[in-house]
Amino acid sequence: MEVRFDSNFNSSARRSLSENRSYAILGTGALGGFYGARLQQAGIDVHFLLRSDYEYVKKHGLFIESPDGTFRLPQVNAYRNVHDMPCCDVIVVALKTTQNNLLRQMLPCLVKDNSVVLVLQNGLGVEEEVAGIVGSNRVMGGLCFTCNDKVAPGHFRHLHYGVITLAEYAYDYLACGITKRMLQVKTDFERAGILIQLAEDLLLARWKKLICNIPFNGLTVVLNATIKDLISDVHTRALVEEMMQEMVTVAAAYHRAIADDYIEKRLKYIAKMGPYRTSTKIDFDYRRSLEVEAIFGNPLRAAQQAGIDTPQLAMLYRQLKFLDTYYCTDRAIAVLAH
Ligand SMILES: NC(=O)C1=CN([C@@H]2O[C@H](COP(=O)(O)OP(=O)(O)OC[C@H]3O[C@@H](n4cnc5c(N)ncnc54)[C@H](OP(=O)(O)O)[C@@H]3O)[C@@H](O)[C@H]2O)C=CC1
Ligand SMILES: CC(C)(CO)C(=O)C(=O)O
């Protein structure tokens, strides 16, 4: 188990917070491109893995549009292959979860003795998947409340928020408290102007994020709506609240208590995201595979295992499975080709 942070935090431990750490960004998309660029802008050593944008970014770097400051990085460490990347202190997983089958081949090339893998993806059970590859003591979760989109190759738009809730992973999602390496990652992100909240219990943090992702990411797709639309209409708002309440009930079945006023507070917070489409709706609009299993299927199965009935989530999951199968995946392409 990771060393816990204690109140006798000595001066050498404090010094280690400001040491230089290297970061690998697996998936330089809307999320990874934004956070990675901000880290590099703050003087941190960052290495970016790219796919379709590789040639462009190698030549022109990255461009970030943001209300917190628009900037260009003319030169970045860009890679097309993990085998060419150096081992790094922090490996940030920012692929879509639909690509997580690649992690078994990618992560072992990048980890060294003290590396930690920081999973910034949405969903449930994603850290467990990563722990199965690199070991439970090397994984941290990061829940990102941010609205980011890719505008053009190497060009990302950050619209709202940006805060990350960080928490350690341990086997079976046991709560781990606050560790020294959480403070180290926080130091780096805060140097890059990204607000970090530390959480003692990753599973609680995951359920709290799912309370938002399940209604908003799901309903923006099936109703072809924005966050603003869903909150403004009396019927969809009621549906959102029912879905949120279902997740509060499931979290409670896993002994994670979520305060009664959490839903109301989160709705106010999310309302500020306005006409943002959500990352799942952006995928749907581009007919990319949807993160159905990580964001909807895993919570649904967790509810079923706990004996909790979640009819709204069950319906949403089935609708999204249909859309994903016939509109977004290779199978859909094959169907269209005939
Ligand atoms: N966007 C947002 O605001 C938020 C996103 N999230 C979560 O963050 C995660 C990432 O989402 P997001 O950034 O939006 O997704 P994107 O699709 O924008 O980014 C994923 C990136 O991974 C790249 N990629 C895929 N396969 C490979 C590969 N084999 N080698 C190298 N690169 C690869 C893609 O490259 P290519 O360009 O070639 O497809 C793409 O740039 C998801 O789990 C999402 O739910 C969470 C909160 C907010
Ligand atoms: C909550 C929300 C909508 C913004 O952070 C999100 O996580 C997403 O778009 O995937």
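Residues numbered from 1 in each chain as written. Chains lettered and ligands numbered in written order. Predicted model: local features only at pLDDT ≥ 70, side-chain atom pairs only at ≥ 80, totals over all residues. Heavy atoms only, no water.

**So, the overall build of the protein**
Convention followed: The secondary structure listing takes helices from DSSP runs of H or I that are at least 4 residues long and strands from runs of E that are at least 2 residues long, numbered from the N terminus. When we talk radius of gyration, it's over C-alpha atoms, and the globule rule is simply 2.2 Å times the number of residues to the 0.38. Burial status follows relative accessibility: with a 1.4 Å probe on protein chains alone, a residue under 20% of its type maximum counts as buried, one over 50% as exposed, and anything between as partly exposed. Contacts are residue-level and defined by heavy atoms, with any inter-residue pair within 4.5 Å sufficient. Here the accessible surface of atoms and residues is derived via Shrake-Rupley with a 1.4 Å probe, and residues count as covered only by protein chains that are part of the display. Charge assignment in this entry is limited to Lys and Arg as positive and Asp and Glu as negative, and neither His nor the chain termini are counted. One atom stands in for each charge, and that atom is NZ of Lys, CZ of Arg, CG of Asp or CD of Glu.
Tallying secondary structure elements over the protein gives 14 helices and 10 strands in all. Computed over its C-alpha atoms, the radius of gyration of the protein comes to 20 Å, within 12% of the 20 Å expected for a compact globule of 338 residues. With respect to the three principal axes, the spread of C-alpha positions in the protein is 55 × 50 × 35 Å. A burial count over the protein gives 56% of its 338 residues as buried. A separation of at least 24 residues holds for 71% of the contacts in the protein among residues at least 6 apart in sequence. Of the roughly 15,400 Å² of accessible surface on the protein, a fraction of 51% belongs to carbon and sulfur atoms. Here the protein carries 38 positive and 36 negative side-chain charges, and the mean point of each set is 4 Å from the other.

**Topic: the domain arrangement of the protein**
Applied cut-off: Where each domain starts and ends follows an automatic or database-derived domain assignment. We define buried area as the total accessible area lost by two parts upon association, computed with a 1.4 Å probe and summed across both. Only one rule defines a salt bridge in this text: a Lys or Arg side-chain nitrogen within 4 Å of an Asp or Glu carboxyl oxygen. In the analysis that follows, any N or O atom pair within 3.5 Å is treated as a polar contact, provided that within protein one partner can donate a hydrogen and the other can accept it, and provided that, for residues neighboring in sequence, both atoms belong to side chains.
Domain parsing of the protein yields domain 1 (11–200) and domain 2 (204–337). Domain 1 and domain 2 are separated by 24 Å when their C-alpha centres are compared. Of the residues lining the interface, 25 residues belong to domain 1; the matching set on domain 2 comes to 28 residues. Both faces considered, domain 1 and domain 2 share a buried interface measuring about 2,200 Å² in area, 56% of it formed by carbon and sulfur atoms. The three residues of domain 1 that bury the most area against domain 2 are Leu-124, Phe-145 and Tyr-161, which together make up 32% of that side's buried surface. Run the count over domain 1 and domain 2 and you get three salt bridges. Across the contact surface, domain 1 and domain 2 share 14 residue pairs in polar contact (both at pLDDT 80 or more).

**A closer look at the site of ligand 2**
Our working definition: The cutoff for a nearby residue is simple: one of its non-hydrogen atoms must lie within 4 Å of the molecule or strand. Under the grouping applied here, Gly and all other residues not named as nonpolar or charged are polar, the nonpolar ones being Ala, Val, Leu, Ile, Met, Phe, Trp, Tyr, Cys and Pro and the charged ones Asp, Glu, Lys and Arg.
Around ligand 2 sit Asn-122, Cys-144, Phe-145, Thr-146, Lys-209, Asn-213, Asn-217, Met-273, Tyr-276, Thr-278 and Ser-279, and those are all the residues in its vicinity. Residue Cys-144 places a main-chain N or O atom 3.5 Å away from an oxygen atom belonging to ligand 2. A distance of 2.5 Å separates an oxygen atom of ligand 2 from a polar side-chain atom of Ser-279. Burial of ligand 2 by the protein chains amounts to 97% of its free accessible area of 280 Å². Secondary-structure elements contributing two or more residues to the shell around ligand 2 are strand S8 (139–152) and helix H7 (202–222). Its residues placed into classes, the shell around ligand 2 shows four nonpolar, six polar and one charged. The two domains that each donate at least three residues to the shell around ligand 2 are domain 1 (11–200) and domain 2 (204–337).

**Some remarks on the site of ligand 1**
In the vicinity of ligand 1 there are 27 residues, among which Leu-31, Arg-51, Ser-52, Lys-96 and Glu-291 approach most closely. At 2.8 Å from an oxygen atom of ligand 1 is found a main-chain nitrogen or oxygen belonging to Leu-31. Between an oxygen atom of ligand 1 and a side-chain N or O atom of Glu-291, the distance comes to 2.6 Å. Across the complex, the protein chains shield 90% of the 890 Å² of accessible surface that ligand 1 would expose by itself. Elements supplying a minimum of two residues to the shell around ligand 1: helix H2 (30–41) and S8.

**Some thoughts on the nonpolar core**
Note the cut-off: We define a nonpolar core as any set of buried Ala, Val, Leu, Ile, Met, Phe, Trp, Tyr and Cys residues linked to one another through side-chain atoms lying within 4.5 Å.
Within the largest apolar cluster, 78 residues are counted, with the highest numbers of intra-cluster contacts made by Leu-26, Ile-91, Leu-107, Val-117, Trp-207, Phe-216 and Phe-296. Judged by nonpolar contacts, the second largest core, of 39 residues, contains Leu-17, Phe-34, Leu-39 and Leu-183.

**Brief notes about helix H4 (residues 103–110)**
So the rule is basically this: Each direction from the helix axis to a C-beta atom contributes to the arc, which is the arc of those directions.
Leu-103, Met-106, Leu-107 and Leu-110 are the residues of H4 that are buried. Seen from one end, H4 has its buried residues packed into an arc of 90°, which puts them on one side. Against the buried residues of H4 lie strand S1 (22–26), strand S2 (45–49), strand S6 (90–93), strand S7 (116–119) and helix H5 (126–134).

**Considerations on unusual backbone geometry**
Look at His-255: it is not a glycine, yet its phi comes out positive at around 65°. Note that His-255 resides in the loop between helix H9 (234–253) and helix H10 (262–271). Judged by its relative accessible area of 72%, His-255 falls in the exposed class. The phi dihedral of Thr-278 is positive, around 80°, even though this residue is not glycine. Tracing the backbone shows Thr-278 in the loop between H10 and helix H11 (279–285). Relative accessible area serves as the criterion here: at 3%, Thr-278 is assigned to the buried category.

**What to know about the pattern of salt bridges**
The tally for this structure, following the rule as stated, stands at 20 salt bridges. Linking Arg-237 and Glu-241 is a salt bridge whose minimum nitrogen-to-oxygen distance equals 3.1 Å. Taken as a pair, Arg-237 and Glu-241 lie in helix H9 at a separation of four residues, close to a single helical turn. Among the residues examined, Glu-241 registers a relative accessible area of 29% and is labelled partly exposed.

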